[in-house]
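Structural overview for review
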Amino acid sequence: CVRPNRATLQKSSQKIRTWWRSSKVLGETVELVGDLLSIKRKMREAYYTIFIVKLQRKFREWSALRKGFRRTRLAVVKLQSHFRRRHASLEVDRLRCAVGPNVRRLPSQ
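Throughout what follows, the structure given in this document is the object of discussion.

The rules we used
Residues numbered from 1 in each chain as written. Predicted model: local features only at pLDDT ≥ 70, side-chain atom pairs only at ≥ 80, totals over all residues. Heavy atoms only, no water. Helix = DSSP H or I, 4+ residues; strand = E, 2+ residues; numbered from the N terminus. Rg over C-alpha atoms; globule rule 2.2 N^0.38 Å. Buried < 20%, exposed > 50% of the residue type's maximum accessible area, 1.4 Å probe, protein only. Areas by Shrake-Rupley, 256 points an atom, 1.4 Å probe, with all protein chains shown as cover. Lys, Arg positive; Asp, Glu negative; His and termini not counted. Charge placed at Lys NZ, Arg CZ, Asp CG, Glu CD. Patch = residues over 30% accessible without salt bridge, like charges linked within 9 Å, V, L, I, M, F, W, Y side chains within 5 Å. Salt bridge = Lys/Arg side-chain N within 4 Å of Asp/Glu carboxyl O.

1. A few points about the overall build of the protein chain
- For the protein chain, the helix and strand inventory stands at one helix and zero strands.
- The C-alpha atoms of the protein chain give 43 Å as radius of gyration, which overshoots the globular expectation for 109 residues (13 Å, by more than 25%).
- Within the protein chain, the proportion of its 109 residues that are buried is 1%.
- In the structure as shown, the protein chain presents an accessible area of about 11300 Å², 63% of it carried by carbon and sulfur atoms.
- Positive and negative side-chain charges of the protein chain, numbering 28 and 7 respectively, have mean locations separated by a distance of 4 Å.

Take a look at the structure:
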């Protein structure tokens, strides 16, 4: 009676041992596969990033060529207008200092 029980006990413990090892290996394998897939995704993103940056740079250059001269011209005109206004206001200030106050437009008492 002891030998069959002992054999059954050994078979049961062997099954539990193999199940535990298999589940442990399966968990490690799943984790490893997940790590490999994340590394693969990062490598693919890094590879595509090179081409994305080149494409973005070329598009910006093309866009700057298309709109660039117009923007540059408007910026130059704006700078010129600021300079001319400032130059004209300084000239008016100098002229007012030289001529003096204009009392003709003030009401006489």
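2. Overview of a positive patch on the surface
- Together, Arg66, Lys67, Arg70, Arg71 and Arg73 give the surface a local cluster of positive charge.
- Here Arg73 shows up in helix α1 (residues 2-99).

3. So, a nonpolar patch on the surface
- Nonpolar side chains collect at one region of the surface, where Tyr47, Tyr48, Ile50, Phe51 and Ile52 lie side by side and expose about 530 Å² of accessible area between them.
- Classification of Tyr48 as partly exposed rests on a relative accessible area of 43%.

4. Considering the pattern of salt bridges
- In total, this model carries two salt bridges according to the counting rule given.
- In this structure, Arg41 engages Glu45 in a salt bridge whose closest nitrogen and oxygen atoms are separated by 3.9 Å. Here the residue Arg41 and the residue Glu45 both occupy positions in helix α1, the gap between them amounting to four residues, near one helical turn.
- The partly exposed category is assigned to Arg41, whose relative accessible area is 42%.
- You can call Glu45 partly exposed: its relative accessible area is 46%.
- A salt bridge links Lys58 to Glu61; its shortest N-O distance comes to 3.7 Å. Here Glu61 and Lys58 lie together in helix α1, a separation of three residues that amounts to about one turn.
- By relative accessible area, which is 55% here, Lys58 ends up exposed.

All quantities given are derived from atomic positions and should not be read as evidence of function.
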